[in-house]
Amino acid sequence: MKKTVFMLWLLVTVVFLFTSFADAGQKYKVAWSHYTGWEPWGYASDTGILEKWAKKYGIGIELVLVNDYIESINLYTSGSFSACAMTNMDALTIPAVGGVDSTVLIVGDFSNGNDGIVMKNGSTVKDLKGRDIKLVEFSVSHYLLIRALTMNNMTEKDVKLMNTSDADIAALFASDSNGAVVTWNPPLMQTLNVKGAQLVFDSSKIPGEIIDAMVVRTDAPAELKKALVGAWYEVMAIMSSKEKKAKEAIQMMAKNSGATEAEFKAQLKTTAMFYTPAEAVQFTKGTDLKKTMEYVRTFSFEQGLFGEGVTDKDFIGIEFPDGSIIGNKNNVKLRFNASYMQIASEGKL
Amino acid sequence: MPIFWGIHAKPPKIWKIVLGLLPFIILVSVYLTASHVRLERNSDDKLLPSIGKMIQAVDGLAFTKDKRKGEYLMLRDTLSSLKRLIIGVLAAAVVGLFLGMNLGVFPGFNALLMPFVTFISIIPSLSLLPILFISFGIDEMGKVILIFWGTFILITRDMYLATKAIHEEQIIKALTLGASQFSIVYKIVLPQIMPRLIETIRLCLGGGWLFLIASEAIAATDGLGYRIFLVRRYMAMDIIIPYVLWITFLGYMMDLILRLIIKWRYSWYVEMRKGG
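Calculation criteria
- Residues numbered from 1 in each chain as written.
- Chains lettered and ligands numbered in written order.
- Predicted model: local features only at pLDDT ≥ 70, side-chain atom pairs only at ≥ 80, totals over all residues.
- Heavy atoms only, no water.
- Phe/Tyr/Trp six-rings, centres within 6.5 Å; stacked < 30°, edge-to-face > 60°.
- Helix = DSSP H or I, 4+ residues; strand = E, 2+ residues; numbered from the N terminus.
- Lys NZ or Arg CZ within 6 Å of the ring centre and 35° of its normal.
- Buried < 20%, exposed > 50% of the residue type's maximum accessible area, 1.4 Å probe, protein only.
- Pairing = 2+ DSSP bridges.
- Contact = heavy atoms within 4.5 Å.
- Buried area = accessible area lost by both parts, 1.4 Å probe.
- Salt bridge = Lys/Arg side-chain N within 4 Å of Asp/Glu carboxyl O.
- Polar contact = N/O pair within 3.5 Å; in protein donor to acceptor, adjacent residues only side chain to side chain.
- Axes fitted to C-alpha atoms, helices over the stretch in contact; angles between N-to-C directions.
- Parallel < 35°, antiparallel > 145°, perpendicular 65-115°, else oblique.
- Left-handed = near helix turned anticlockwise from the far one by under 90°.
- Nonpolar A, V, L, I, M, F, W, Y, C, P; charged D, E, K, R; others polar.
- Patch = residues over 30% accessible without salt bridge, like charges linked within 9 Å, V, L, I, M, F, W, Y side chains within 5 Å.
- Areas by Shrake-Rupley, 256 points an atom, 1.4 Å probe, with all protein chains shown as cover.
- Domains from an automatic or database assignment.

**Section: the packing of aromatic side chains**
Working step 1: One pass over the structure, following the stated rule, counts 19 aromatic pairs over all chains.
Working step 2: On the basis of an interplanar angle of 65° and a centroid distance of 5.9 Å, the ring pair of tryptophan 149 of chain B and phenylalanine 152 of chain B is categorised as edge-to-face. Residue tryptophan 149 of chain B and its partner phenylalanine 152 of chain B are located together in helix H6 (residues 140-164), separated by 3 residues, close to a single helical turn.
Working step 3: Here the basic side chain of arginine 147 of chain A rests over the ring of tyrosine 295 of chain A, its NZ or CZ set 3.7 Å away from the ring centre.
Working step 4: Over the ring of tryptophan 264 of chain B we find arginine 265 of chain B; its NZ or CZ atom is 6.0 Å from the centre of that ring.

Following this line, the structure appears as structure tokens:
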């Protein structure tokens, strides 16, 4: 009796563990989180555009809003999702380092002022010397700060970093009379409204380096990739058209993101969206992307984001559309692929 | 006599050891199996790292000087966290002891403060976190105050109850023997509720850890909770799992030390409890 109960219980546990890792068949789950450049995904799902494209390729796509950005990437990396919206840096340091071969399927936009360094009692990056800076460590904010410091011949040792949750950063900045923060929108907007706050650096000074993308498992079927690309560019076409539909779409996205229409429009201004697939293809095939990824991987390695025991930034390989690879050719885990966006630009989806 | 089933079961000594270890063995083997399955599929998987990977991570954090900061990170995290926890809980113990004791002995004092203490004891401490951070800053002060706040009311109320439980005859007797009010509090009541205070601290430490980790997660430059929430950023389970085990170990050791203090200093209390 005892033995049976025990064995039964063990069996249930093991079966449960195995099934939860198994693939869900023909239905694919895609994760996203709230960010200006990703609101079109919510719109695509709400208006049925995504479903339409999924049907066209004979699959099912379930778009899931995960309310915590890092959690959404962690869920993707551990196998719960087939695709997830994330930045180029996080795509490298979380799924790629975690051994999940990932493809940057859609390059949606780059931050062009959506991330910034704000301080009181100072007006240039040099004034940051010796100051306490609040930011989410290891995030794109951290990357932006290091780039800003490097451009001003300073290093991380010149400042003191304080890891601070992005949910609290704006309120803490407001209450601190000698505050300095690095953050992104919408909290960036809130910090700039504080009396005495000065924007000393933002991502428009390093254009094209903080990229927001839809990342998909490299082994996911072409149907999923095509359906996602198709739905995305249909929404992009609506947003950039001059029709009434464009205004309605913006209103819907603003409401969904919890911002007013004016705020959302202001955020869109500092987000360099690629409204046509042709622009995105050109960007992805450009040589600047390689330079950017070199910066990003150097930063990630120096911060220890490749994990304990990794002694070389060549540990992981990054592949570009022209087939060139930086890093380990035998361990390519992040691939920039322009081919699906290319098909979209040719109107052949 | 049954060995395992039923309320009359008397497991022999060897069985007790085996039964006690069983849940641990099951947990570890389920983990190892699942980890093996995942690593088989993807050798770089980070969700369920192998034991070797965790040892490597601990080695890097605990026994190798950090490249950038030039210190042992795990040691620094541990010291910072323990400092915050100990200061917070000790302050709570001192305030709670004196407040509770006086509430129990002096009716006038009780009338003045008891309704207030009861009222504020209902405020959930974690909901105060944003307010504490903004008013006391996110440096050490804000964190210590959160831990203090989260534990001192429970200690106060327990000290109050412990004082109330002292037989009135004792106090009357002391008074007839010519004791002053002051010496009643400090010579009769205080020694009797000291072991109970340590017991309460033991129970409060769990909550103390919770508040410590919560405050370190929101804003910090070091600490055990800080590290866990920092490396979550790149899903370093090989660091998170050893840190959780380390926190558990530290908590267990603190509990053990407090238990030993009671046994060593207040053996009468242990006997009294046994006797019911």
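Next comes the rest of the account.
**A closer look at unusual backbone geometry**
Residue and element names in this part refer to chain A.
Working step 1: Residue proline 186 follows asparagine 185 across a cis peptide bond; omega there is 5°.
Working step 2: Turning to its location among the elements, proline 186 is positioned in the loop between strand S8 (180-184) and helix H8 (187-192).
Working step 3: Positive phi values are uncommon outside glycine, yet asparagine 121 reaches one of about 55°.
Working step 4: Mapped onto the elements, asparagine 121 comes out in the loop between strand S5 (115-119) and strand S6 (132-135).

**Thoughts on the pairing of strand S10 (residues 211-217) of chain A**
Residue and element names in this part refer to chain A.
Working step 1: Burial runs high along S10: 7 of the 7 residues are buried.
Working step 2: Pairing of strand S4 (residues 102-111) with S10 involves 7 bridges; the strand directions are antiparallel. Along S10, the bridge assignment pairs serine 102 with arginine 217.

**Focus on the interface of chain B and chain A**
Working step 1: Contacts between chain B and chain A engage 34 residues on the former and 47 residues on the latter.
Working step 2: In this assembly, chain B packs against chain A so that about 3600 Å² is buried in total across both faces, 60% of it on carbon and sulfur atoms.
Working step 3: Across the chain B-chain A interface, the total number found is 3 salt bridges.
Working step 4: Counting every contact that joins chain B to chain A gives 9 residue pairs in polar contact (both at pLDDT 80 or more).

**Details of the packing of helix H4 (residues 69-78) of chain A against helix H5 (residues 88-96) of chain A**
Residue and element names in this part refer to chain A.
Working step 1: Two numbers describe how H4 lies on H5: the axes approach to 9 Å, and their chain directions differ by 45°. Here H4 is positioned oblique relative to H5, judged by the angle of their axes. Considering how the two elements wind past one another, H4 and H5 form a crossing that is right-handed. Note on element contacts: H5 touches H4 through Asp90, Ile94 and Pro95, opposite Tyr69, Ile70, Ile73, Asn74, Tyr76 and Thr77.
Working step 2: Of the residues assigned to the contact of H4 with H5, the class counts are 6 nonpolar, 2 polar and 1 charged.

**Some remarks on the packing of helix H4 (residues 107-120) of chain B against H6 of chain B**
Describing two packed helices takes the angle between their axes plus the distance from one axis to the other.
All names here are of chain B.
Working step 1: Running from amino to carboxyl end, H4 crosses H6 at an angle of 135°, the nearest separation of the two axes being 11 Å. Comparing the axis directions of H4 and H6 gives the class oblique. Our pair here, H4 against H6, has a crossing hand that is left-handed. Contacts between H4 and H6 involve Asn110, Met114, Val117, Thr118 and Ile120 on the former and, on the latter, Trp149, Ile153, Thr156, Arg157 and Tyr160.
Working step 2: Tallied by class, residues from the contact of H4 with H6 come to 6 nonpolar, 3 polar and 1 charged.

**A few points about the side chain of asparagine 88 of chain A**
All names here are of chain A.
Working step 1: Relative to the helices and strands, asparagine 88 is located in helix H5.
Working step 2: Given a relative accessible area of 3%, asparagine 88 falls into the buried group.
Working step 3: Sequence-distant contacts of asparagine 88, that is, excluding residues within four places in its chain, are made with Glu209, Ile210, Ile211, Thr292, Met293, Val296 and Leu334.

**Focus: a nonpolar patch on the surface**
Residues and elements named next belong to chain B.
Working step 1: On the surface, Ile3, Phe4, Trp5, Ile14, Trp15 and Val18 cluster together to form a nonpolar patch covering roughly 600 Å² of accessible area.
Working step 2: With respect to the helices and strands, the residue isoleucine 14 is situated in helix H1 (residues 13-41).
Working step 3: Of the residues examined, isoleucine 14 reaches a relative accessible area of 59% and is grouped as exposed.

**Thoughts on the domain arrangement of chain A**
Residue and element names in this part refer to chain A.
Working step 1: Split into domains, chain A comes out as domain 1 (26-110 + 211-345) and domain 2 (115-205).
Working step 2: Taken together, the contact pairs 12 residues of domain 1 with 11 residues of domain 2.
Working step 3: Both faces combined, the contact of domain 1 with domain 2 buries some 1100 Å², and carbon together with sulfur accounts for 67% of it.
Working step 4: Three residues, Gln267, Phe299 and Gln303, lead the burial of domain 1 against domain 2; their summed loss comes to 41% of the area buried on that side.
Working step 5: Counting every contact that joins domain 1 to domain 2 gives 1 residue pair in polar contact (both at pLDDT 80 or more).
Working step 6: Of all elements in the fold, only helix H11 (261-269) and helix H13 (288-302) reach the threshold of two or more residues within the side of domain 1 that touches domain 2.
Working step 7: Per-element accounting of the side of domain 1 that touches domain 2 gives the leading share, 4 residues, to H13.

**With respect to the pattern of salt bridges**
Working step 1: Going through the model one piece at a time under the given rule, you end up with 31 salt bridges over all chains.
Working step 2: With a shortest N-O distance of 3.6 Å, arginine 335 of chain A and glutamate 319 of chain A are connected by a salt bridge. On the criterion of sequence distance, the pair formed by arginine 335 of chain A in strand S14 (residues 332-336) and glutamate 319 of chain A in strand S12 (residues 317-319) is long-range, its members being 16 residues apart.
Working step 3: Counted as one network, the salt bridges with shared partners bring together Glu71, Arg76, Arg84, Glu140, Glu216 and Asp222 of chain B.

**Digging into the pairing of S5 of chain A**
Residue and element names in this part refer to chain A.
Working step 1: Of all 5 residues that make up S5, 5 are buried, and the element is covered over most of its length.
Working step 2: Because side chains alternate across S5, one face comprises the buried residues Asp115, Ile117 and Met119, and the other comprises Gly116 and Val118, equally buried.
Working step 3: Pairing of S5 with S8, which is carried by 5 bridges, proceeds in the antiparallel orientation. Along S8, the bridge assignment pairs valine 118 with valine 181.
Working step 4: Here S5 pairs with strand S9 (residues 198-202) via 4 bridges, running antiparallel. Bridge assignment links methionine 119 to a residue of S9, and that residue is glutamine 198.

**Quick word on the side chain of threonine 78 of chain B**
Working step 1: By the secondary structure assignment, threonine 78 of chain B is in helix H3 (residues 73-105).
Working step 2: Side chain to side chain, threonine 78 of chain B and tryptophan 246 of chain B meet in a polar contact 3.0 Å long.

**Some points on the environment of methionine 341 of chain A**
Residue and element names in this part refer to chain A.
Working step 1: With respect to the helices, strands and loops of the structure, methionine 341 is situated in helix H14 (residues 339-345).
Working step 2: Taking relative accessible area as the criterion, methionine 341 reaches 0% and is therefore assigned buried.
Working step 3: In sequence terms methionine 341 and glycine 230 are 111 residues apart; their C-alpha atoms lie 8.8 Å from each other.
Working step 4: Residue contacts for methionine 341: discarding those within four places in its chain leaves Leu105, Ile106, Val107, Val229, Tyr233, Pro277, Ala280, Val281 and Thr284.

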